[in-house]
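Observations on the model geometry
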Amino acid sequence: MAAVDSFHLLYREVARSCHNHLEFLAVVGALYTAQKSFCILYDCYSLIRSHVTPCLLRKRDLVQQYGKWAVVTGANSSIGKAYAEELAKNGMNIILVCSSRENGVSEAITGDYGVNTKFIDVDFSQGHEVYYSIMEALKGLDVGILVNNAGVFDEYPEHILEVPEDELWKIIHVNLAAAVMMARIVLPGMAQKKRGAIVNVICGSVGKSDAQTAASKAYLDTFSRQLASEVSASGVFVQCLTPLCVGRKHTSSYGTFPMFSPSPDVYAHHAVRTLGFCTRTTGYWAHSLQVGSDNNSVAGVPYLFNIYFDCVLA
């Protein structure tokens, strides 16, 4: 009985205190509601700017806007190959920079889209020696777009003590050094012409990562932001692409919600359209719904979409 009386006494004291500060609590609630409303509106604005506005505008001439040639690293991966094909559809000549496992991609692009292609056989894991051959191959070419898509990612995250030292160096050379050195190779020409675009693709954004792989993703993200601020005055556009789940060609990983796992060619079609509009984006409208917005503000309707589909697809 004493416990009940104590509870009622405590309840009355709390109610009296809240009543005395009712106006203050109302102001706090109004500010919180306004802040959340602003986040929702900003999320909607980001989605419209990134994925709706490009659809409403007239089709751009990427050759005239950026240059004749596009360099794509990691072109033997699904996204890299699809991105190269999408640029070829827009009339750009393509330079594929990848290992000898290219499997005739350059010949297929030339045959399908009637553009010129070059293939540079390099293995970025070998270190700085590989960049001399790249510089020689690109000398004198009007490189307008660089797509840094080369990367190695862990299917099964491991403790750093369990990873061989050679594998750690491979991650450093391919995930970090390749993007920096390729940007340094093409930037002088772009800055001289006052035009160009660099696209850094951070694949493997779905699921957990080990320490070294997660750090390489964060590095590339930060590198993209800082590089954009450094070269903006030179007329060079820098974009960071952070795709989520991308299925195989003409297939989808999710049978129930196929729009959340587009095929590489569908993803590349949407990603290329965002070029020049936003510096950091998932590249695909449904992926942007999942993560919130292209600027990582986790609030409002997009965040609810993310929670809902995570539960449904689990």
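Residues numbered from 1 in each chain as written. Predicted model: local features only at pLDDT ≥ 70, side-chain atom pairs only at ≥ 80, totals over all residues. Heavy atoms only, no water.

The protein chain is annotated in an unreviewed UniProt entry as 3-ketoacyl-CoA reductase from Engystomops pustulosus. Turning to the protein chain, the UniProt record has this under Sequence similarities (unreviewed entry): "Belongs to the short-chain dehydrogenases/reductases (SDR) family. 17-beta-HSD 3 subfamily." (UniProt positions renumbered as here; feature names shortened; annotations may be inferred.)

1. Points about helix α4 (residues 78–89)
The first and last C-alpha atoms of α4 sit 17 Å apart over 12 residues, in line with the 16 Å expected at 1.5 Å per residue. Of all the 12 residues making up α4, 9 are buried; the element is thus mostly covered by neighbouring parts of the structure. Of all the residues in α4, the buried ones are Ile79, Gly80, Ala82, Tyr83, Ala84, Glu85, Glu86, Leu87 and Ala88. Capping the start of α4 is the job of one residue whose side-chain oxygen sits 3.3 Å from the backbone nitrogen of Gly80: Ser77. Positive backbone phi, at 90°, marks Gly91, one or two positions downstream of α4. (Helix = DSSP H or I, 4+ residues; strand = E, 2+ residues; numbered from the N terminus. Expected span 1.5 Å × (residues − 1). Buried < 20%, exposed > 50% of the residue type's maximum accessible area, 1.4 Å probe, protein only. Polar contact = N/O pair within 3.5 Å; in protein donor to acceptor, adjacent residues only side chain to side chain.)

2. Some points on the nonpolar core
What tends to happen in soluble globular proteins is that the nonpolar side chains get buried as a cluster. Judged by nonpolar contacts, the single largest core of 34 residues is most densely connected at Phe124, Ile134 and Ile198. Elements that contribute at least two residues to this core include exactly β1 (69–73), β2 (93–98), α6 (130–138), β4 (143–148), α7 (165–193), α8 (211–231) and β6 (237–241). At 10 residues, the largest contribution of residues to this core is made by α7. Among all residues touching Phe124, those that are not within four sequence positions of it are Thr73, Val97, Val130, Tyr131, Ile134, Ala150, His173, Val174, Ala178 and Met182. In this structure, Tyr66, Ala70, Ile94 and Leu96 belong to the second largest nonpolar core, which totals 33 residues. (Core = buried A, V, L, I, M, F, W, Y, C linked by side-chain atoms within 4.5 Å. Contact = heavy atoms within 4.5 Å.)

3. Observations regarding the sheet that holds β2
Pairing within the open sheet is parallel, and its 7 strands lie in the order β3-β2-β1-β4-β5-β6-β7. Both outer strands of the open sheet, β3 (117–121) and β7 (280–281), are each paired with one neighbouring strand and no more. The sheet contact formed by β6 and β7 spans 2 bridges and is parallel. Across the sheet, Leu241 pairs through a bridge with Thr281, a residue of β7. The strands touched by α8 are β5 (197–201), β6 and β7; relative to β6, the strand with the most contacts, the crossing angle is about 165°. (Pairing = 2+ DSSP bridges. Axes fitted to C-alpha atoms, helices over the stretch in contact; angles between N-to-C directions.)

4. Focus on a negative patch on the surface
A surface patch of like charges, here negative, comprises Glu158, Glu162, Glu165, Asp166 and Glu167. Summarising the element assignment, Glu162 is placed in the loop between β4 and α7. (Patch = residues over 30% accessible without salt bridge, like charges linked within 9 Å, V, L, I, M, F, W, Y side chains within 5 Å. Areas by Shrake-Rupley, 256 points an atom, 1.4 Å probe, with all protein chains shown as cover. Salt bridge = Lys/Arg side-chain N within 4 Å of Asp/Glu carboxyl O. Lys, Arg positive; Asp, Glu negative; His and termini not counted. Charge placed at Lys NZ, Arg CZ, Asp CG, Glu CD.)

5. What to know about the environment of Asp166
Of note, Asp166 is situated in helix α7. When its relative accessible area of 66% is taken as the criterion, Asp166 is described as exposed. Separated by 41 residues in sequence, Asp166 and Ser125 have C-alpha atoms that sit 9.3 Å apart.

6. Considering the packing of aromatic side chains
Throughout the structure, instances matching the rule amount to 2 aromatic pairs. Measuring from ring centre to ring centre gives 5.8 Å for Phe124 and Tyr131, while their planes differ by 35°; the resulting arrangement is tilted. Each of the two residues, Phe124 as well as Tyr131, counts as buried. Relative to Phe223, the ring of Tyr219 has its centre 6.3 Å away and its plane inclined at 0°; by these criteria the two rings are stacked. Of the two residues, Tyr219 and Phe223 both sit in helix α8, 4 residues apart, roughly one turn of that helix. (Phe/Tyr/Trp six-rings, centres within 6.5 Å; stacked < 30°, edge-to-face > 60°.)

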